[in-house]
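The chain contents come next:
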Amino acid sequence: MDRSSIRAHIESNTLIIGKNSNYIKPINYRVNLLAGMNSRLLEHVAIDGDLILSKGAQAMGDVKANNVILGPWTIIRGDLTVKGDLMALDHARVLGKVTCKGSAVIRPDVAFGELQSNGLIEYYGKKPAKKTRGKIVTKKVEK
């Protein structure tokens, strides 16, 4: 891994992993994390902050964060635990279980192994998981 592919933005307490980078160590920090386009996180991620996985980014292990945005075509190969709210954009995938303590907004063609939310689940298109549990489930149809 090239050291120039990782930067820290001190003012926002954010760790930035550059596009097309591989990060090979577990991430266990009190930071926000922005993983650039097509980056790969090869271990688990457990942060006390917000997470943004940009388009095509991959996480190979379990992921835990406060609020999460899964960009289009992202993949998490483990479980995803979200302490706050989740937004999953088109074609995002989580192969394991998704547990969300807040609300979840899910765009078309997103697939989860399982979804459980304590808040509102709002999804567009097909249901994101066969096993979906939440207080309220709404389905919006795009025109």
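Right above here is the structure, for reference.
Thresholds, definitions, all that
- Counting of residues starts from 1 at the beginning of each chain's written sequence and follows it residue by residue.
- Per-residue local features are limited, in this predicted model, to residues with pLDDT of at least 70; the limit for side-chain atom pairs, both in listing and counting, is 80 or more; totals at the level of whole chains, interfaces and linings are taken over all residues.
- Hydrogens and waters are ignored; side-chain quantities use all the structure's heavy atoms.
- In plain words, nonpolar cores are sets of buried Ala, Val, Leu, Ile, Met, Phe, Trp, Tyr and Cys residues tied together by side-chain atoms within 4.5 Å.
- Accessibility here uses a 1.4 Å probe with only protein chains present; expressed as a share of the type maximum, an area under 20% marks a residue as buried, one over 50% as exposed, and anything in between as partly exposed.
- Helix numbering and strand numbering both begin at the N terminus, where a helix is a DSSP run of H or I of at least 4 residues and a strand a DSSP run of E of at least 2.
- Should any heavy atoms of two residues lie within 4.5 Å, those residues are considered in contact.
- Pairing of aromatic rings covers Phe, Tyr and the six-membered ring of Trp, with a centre-to-centre limit of 6.5 Å; geometry is then stacked below 30 degrees between planes, edge-to-face above 60, and tilted otherwise.
- Two thresholds decide whether a charge sits over a ring: the Lys NZ or Arg CZ must be within 6 Å of the ring centre and within 35 degrees of the ring normal.
- Here, a strand pair is defined by DSSP locating no fewer than two bridges between the strands.

**So, the nonpolar core**
Here's step 1: L33, L41, L70, L80, L86, I106 and F112 are the most contacted members of the largest nonpolar core, which has 35 residues in total.
Here's step 2: No other element matches strand β14 (residues 93–100), which puts three residues into this core.
Here's step 3: Those residues in contact with L70 that lie beyond four places of it in its chain are L53, I76, L80, L86, M87, A88, L89, A92, V94 and F112.

**A few points about the packing of aromatic side chains**
Here's step 1: Using the criterion set out here, one finds zero aromatic pairs in the structure.
Here's step 2: Over the ring of Y124 we find R107, and its NZ or CZ is 5.1 Å from the ring centre.

**With respect to the pairing of strand β16 (residues 111–117)**
Here's step 1: As judged from the six bridges shared by β14 and β16, these two strands associate in the parallel manner. Its bridge partner being in β16, K97 is matched across the sheet by E114.
Here's step 2: Inspection of the sheet shows β16 paired to strand β18 (residues 132–133) by two bridges, in the parallel sense. Paired with Q116 across the two strands is R133, which belongs to β18.

**As for the environment of S5**
Here's step 1: You can see S5 is positioned in the segment before β1 (6–9).
Here's step 2: Exposure remark for S5: the relative accessible area of 10% places this residue in the buried category.
Here's step 3: Excluding residues within four positions of it along the chain, S5 makes contact with I16, I17, G18 and S21.

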